[in-house]
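# Fold and geometry: a report
Spelled out from the first residue to the last, the chains are:
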Amino acid sequence: MTHIAFQKKGAPVEVEADFIVVGSGAGGGAVASGLARGGAKVAVVEAGPWRDPEHYPSSMYGTMRDMFDDWTSLMTFGRALWPVLQGRVVGGTTTINSAIVVRTPADIFQSWEKNYGFGGEALAEKVWAHQDQLEKELYVQETAPDKMGRSNELALITSQKRGVEGHVIRRNVKDCEGSGQCLQGCKKERKQSTNLKMIPEVMERGGMVLSCAPVHKIMLKGNRAVGVTGRFVHPQTKEKGAKFVVRAKHGVVVAASCTHSPALLQRSGIKGRMLGQLFRAHPGSAILGLYDDDINMPFGATQGWSSLEYRNTPGFKLETLNMPLELIAGRISGGGMRLMDRLKNYRRLALWVVACRADSIGTVSNGPFGKPIVKYTMNQTDMAKLRDGAVEVAKHHFAAGAKAVMPGVLGVPYELHEKDLHHLENASLDPRAWTSILTHLFGGCPMGANPDVGLCDERGRVFGYEGLVVADASVMPTNLGVNPQHTIMGLARQRAAELLEDIS
Amino acid sequence: MSLSPTVYVMRLILPSVDGLKGLDQVDVKGFLKDFNREAPLPMRLTVLLGSWAFILSPIVTLKIPLPVFLLSKKLQDEHCYRIALTRVYLLRQLMFAVKAVAGFCWGKCPEVRAQLDLKPYAPDTGGFRQ
Ligand SMILES: Cc1cc2nc3c(=O)[nH]c(=O)nc-3n(C[C@H](O)[C@H](O)[C@H](O)COP(=O)(O)OP(=O)(O)OC[C@H]3O[C@@H](n4cnc5c(N)ncnc54)[C@H](O)[C@@H]3O)c2cc1C
Ligand code: SF4
């Protein structure tokens, strides 16, 4: 079992493996564990440090500092500056996500086949088989009723009352204790993020992990990927450490996320018309509801209820989200005494979100200091969807008994009562009026039938190169309309099976 | 204004009210010391720029060409409210950044949490596997 963390400046660290996996999140963890099970020697190279549950922070300040990529400072460049959130730690974004697990809908494989020339039923069957297995491995289950918490319960009862599809979310969490701290990392060790089982399994099977090790470049010999290089970075002091060189006998699998994978490939001189293209997202906005009784967001599954009623038409998803006090302080509009008076109501607030299945497309490129640049603006049709979704969330709150809702949209009054809903229905469609975040990301290294429509083929192999495969969210040419980690993991496990087949 | 601009501004954004402690009763200086040591430079600069923008922008919100520290308490509070909702996008975003960081400081304060009947947070050790 080898784990190499930050190494001070000195002689370079040089290692060799059958496969290198860059990144240890949903894609990286799943592909690496799949390869290791097949007997391959895997080196996982991860930019972030390895934090165990006892190291996880509690406050959101600590979470920004210790768990998120660049303190969540990556913003979309476009009409509006919306934060793009990702993890930077062993386990990647799975460490800080809400653990929601949704199978890839069949229509996704059909749309990939129709529009990008790969996928179809054959791929669907393979991915679903992996998802069957993953669901067992990761203890995918519903949250127990006594751990749901009031906000989730209210949303669930209300969907039954309104006749709107709504369900208890299935999550990769074993016996959730309802501590509402998924975003900070699950200190109770219930959430099955990839750092808990998949990455340790790689080590148990003879692989190695380099943490605090951001890959700067993929090494090429001709058009063959033969390794990766970079320099260790200390997670606290940011001090640059020793150089590392990892060589791969069979191939390099890139799983550094939708923003970092395209940036890394560009930095490494990889050419491809579709590199950095087809970046998509499910931009989300939150609507607060104010209730008469105690909601107590810090208790309950961080996300426990969801509705897929509007996934296809008009194209949005509804979810609950228990948000810590610190984030609510930033989220509630205004400042000064009025803001503080509003914050007194924290315990009576429930926060529910709309995630828009946006058709808008952006790009990702490698910026200065290796930072990705994301260009993305939601078009007016998508903004209308987001607004419709926000209205739907507000209606759900009112049906649940909320006294008022707080949409936080510029130009809409702070507090709306049921009779005032028209203010939200007519809210501006300018993205600048909305506070949205991007948590579900897609594309940047899309798969496609040929280099005109994709950077990679249907097996994630980068066109024109050998031994170079992409296995994270960046390979998806469309968004899903459901939470992505299960699809990413299913595809990644399929990549592992194909790579093992190639070398046998 | 004898304080650093950011401490001064954050205390105005989240002041104490009846029944709830604000940043005037929280160790913002200590928090900012950590923040300035730990946060990436662009983020620190954004917060500093946002603080100065807050101080100098009563002209935008109240049409008063004075820095905020020369205003009455009541006008300071009015400015604080309006600036968060200004139509000038970049200014609003800067304010959002300052407010978000102020929120991190305020929301983790054990006394504030106790007032809202929330459990105190365990320390953020920053530990990792060596
Ligand atoms: C707050 C939040 C909540 C979410 N909740 C859910 C949910 O409940 N359910 C769901 O399905 N999805 C959820 N998601 C989305 C989901 O977690 C991601 O879609 C998924 O983890 C992406 O997988 P990935 O492998 O593409 O990237 P990641 O999981 O982000 O992993 C990428 C890894 O690569 C590393 N890396 C980056 N650059 C380099 C480099 N140069 N060298 C080495 N390593 C590098 C990163 O540090 C990171 O660890 C959530 C996302 C967020 C932000
Ligand atoms: S709600 Fe709490 S116990 Fe449940 S998975 Fe999230 S952090 Fe863990």
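The structure displayed is predicted, hence computed values, not measured ones.

## Describing helix 6 (residues 89–107) of chain B
With 19 residues, helix 6 of chain B ought to run about 27 Å at 1.5 Å a step, and its terminal C-alpha atoms sit 26 Å apart, in line with that. The buried count for helix 6 of chain B comes to 16 of 19 residues, which makes it a mostly enclosed element.

## Re the interface of chain A and chain B
Listed as interface residues are 56 residues of chain A and, on the opposing side, 51 residues of chain B. Summing the contributions of chain A and of chain B, the shared interface buries around 4,500 Å²; its carbon and sulfur component is 63%. Inspection of the chain A/chain B interface yields 4 salt bridges. Where D52(A) meets R129(B), a salt bridge forms, and the shortest distance between an N and an O atom there is 2.8 Å. At the boundary of chain A and chain B, one finds 24 residue pairs in polar contact (both at pLDDT 80 or more). Listing elements by their share of the side of chain A that touches chain B, those giving two or more residues are helix 2 (60–66), helix 8 (325–331) and helix 9 (337–343) of chain A. Here the side of chain A that touches chain B takes 7 residues from helix 9 of chain A, the largest share from any one element. For the side of chain A that touches chain B, the per-class residue count stands at 26 nonpolar, 16 polar and 14 charged.

## As for helix 1 (residues 5–13) of chain B
Note: α-helices contain 3.6 residues per turn, so residues at a spacing of three or four share the same orientation. In terms of burial, helix 1 of chain B is largely enclosed, as 8 of its 9 residues are buried. Looking at the buried residues of helix 1 of chain B, the elements they touch are helix 9 of chain A together with helix 2 (28–38), helix 3 (41–56), helix 5 (73–83) and helix 6 of chain B.

## Looking at the site of ligand 1
Residues and elements named next belong to chain A. Near ligand 1 lie 38 residues; those nearest to it are E46, T93, I100, V215 and Q485. Within the backbone of V89, a nitrogen or oxygen atom sits 3.2 Å from an oxygen atom of ligand 1. A total of 1,000 Å² of accessible area belongs to ligand 1 in isolation, and the protein chains cover 96% of it. Every element with two or more residues in the shell around ligand 1 is listed here: helix 1 (26–37), helix 7 (257–267) and helix 12 (485–503). Per-element tally for the shell around ligand 1: the top contributor is helix 7, with 3 residues. When grouped by side-chain class, the residues that make up the shell around ligand 1 number 18 nonpolar, 16 polar and 4 charged. Counting contributing residues, the shell around ligand 1 receives three or more from each of domain 1 (1–51 + 89–99 + 102–137 + 193–278 + 443–504) and domain 2 (69–84 + 141–186 + 280–442).

## Considerations on the sheet that holds strand 17 (residues 363–366) of chain A
All names here are of chain A. With mixed pairing, 3 strands are arranged side by side in an open sheet as 4-18-17. Strands with a single pairing partner mark the edges of an open sheet, and in this sheet they are strand 4 (76–77) and strand 17. Pairing between strand 17 and strand 18 (residues 372–375): 4 bridges, direction antiparallel. When the sheet's bridge partners are listed, T363 is paired in strand 18 with K375. Each of strand 17 and strand 18 is contacted by helix 7, which is oriented at about 50° to strand 17, the strand it contacts most.

## Quick look at a nonpolar patch on the surface
Residue and element names in this part refer to chain B. Taken together, L48, W52 and L56 make up a surface patch of nonpolar side chains, about 290 Å² in accessible area. Its place among the elements puts L56 in helix 3. We classify L56 as exposed; its relative accessible area is 54%.

## Some points on the domain arrangement of chain A
Residues and elements named next belong to chain A. According to the domain assignment, chain A consists of domain 1 (1–51 + 89–99 + 102–137 + 193–278 + 443–504) and domain 2 (69–84 + 141–186 + 280–442). Measuring from the centre of the C-alpha atoms in domain 1 to the corresponding centre in domain 2 gives 29 Å. With 33 residues of domain 1 at the interface, the matching set in domain 2 holds 35 residues. Note on domain 1 versus domain 2: buried area summed over both sides is about 2,800 Å², and carbon and sulfur give 50% of it. For the domain 1 face of the interface with domain 2, the top three residues by lost area are S98, T259 and N479, together amounting to 22%.

Calculation rules
For every chain, the first residue of its written sequence is number 1, and the numbers climb from 1 along that sequence. All chains are assigned letters beginning with A, and all ligands numbers beginning with 1, in the order in which they are written. For this predicted model, a pLDDT threshold of at least 70 governs which residues receive local features, and a threshold of 80 or more governs which side-chain atom pairs are given and counted, while totals over whole chains, interfaces and linings are taken from all residues. Side-chain numbers come from the whole structure's heavy atoms, not from hydrogens or water. Here a helix means four or more residues in a row that DSSP labels H or I, a strand means two or more in a row labelled E, and each is numbered from the N terminus. Here the expected length of a helix is defined as 1.5 Å per residue gap, with one fewer gap than residues. When accessible area is computed with a 1.4 Å probe and restricted to protein chains, residues below 20% of their type maximum are described as buried, those above 50% as exposed, and intermediate ones as partly exposed. It only takes one pair of heavy atoms within 4.5 Å for two residues to be counted as in contact. Once two parts are put together, the accessible area they lose, assessed with a 1.4 Å probe and summed over both, is termed the buried area. By definition, a salt bridge exists where a carboxyl oxygen of Asp or Glu is found within 4 Å of a side-chain nitrogen of Lys or Arg. Whenever a nitrogen or oxygen atom comes within 3.5 Å of another N or O atom, the pair is scored as a polar contact, on the condition that within protein one atom can donate a hydrogen and the other can accept it, and that pairs from neighbouring residues in sequence are kept only if both atoms are in side chains. Note on residue classes: Ala, Val, Leu, Ile, Met, Phe, Trp, Tyr, Cys and Pro are nonpolar, Asp, Glu, Lys and Arg are charged, and everything else, Gly too, is polar. For this purpose, a residue is taken to be near a molecule or strand whenever a single non-hydrogen atom of the residue falls within 4 Å of it. Each accessible area is a Shrake-Rupley result for a 1.4 Å probe, and residues are judged covered by the shown protein chains and nothing else. Start and end points for every domain follow an automatic or database-based domain assignment. We call two strands paired when DSSP finds no fewer than two bridges between them. Axis definition: a line fitted to C-alpha atoms, over the contacting stretch in the case of helices. Angles run 0 to 180 degrees between N-to-C directions. Residues enter patches when they are more than 30% accessible in relative terms and free of salt bridges; like-charged ones are connected within 9 Å and nonpolar ones (Val, Leu, Ile, Met, Phe, Trp, Tyr) within 5 Å.

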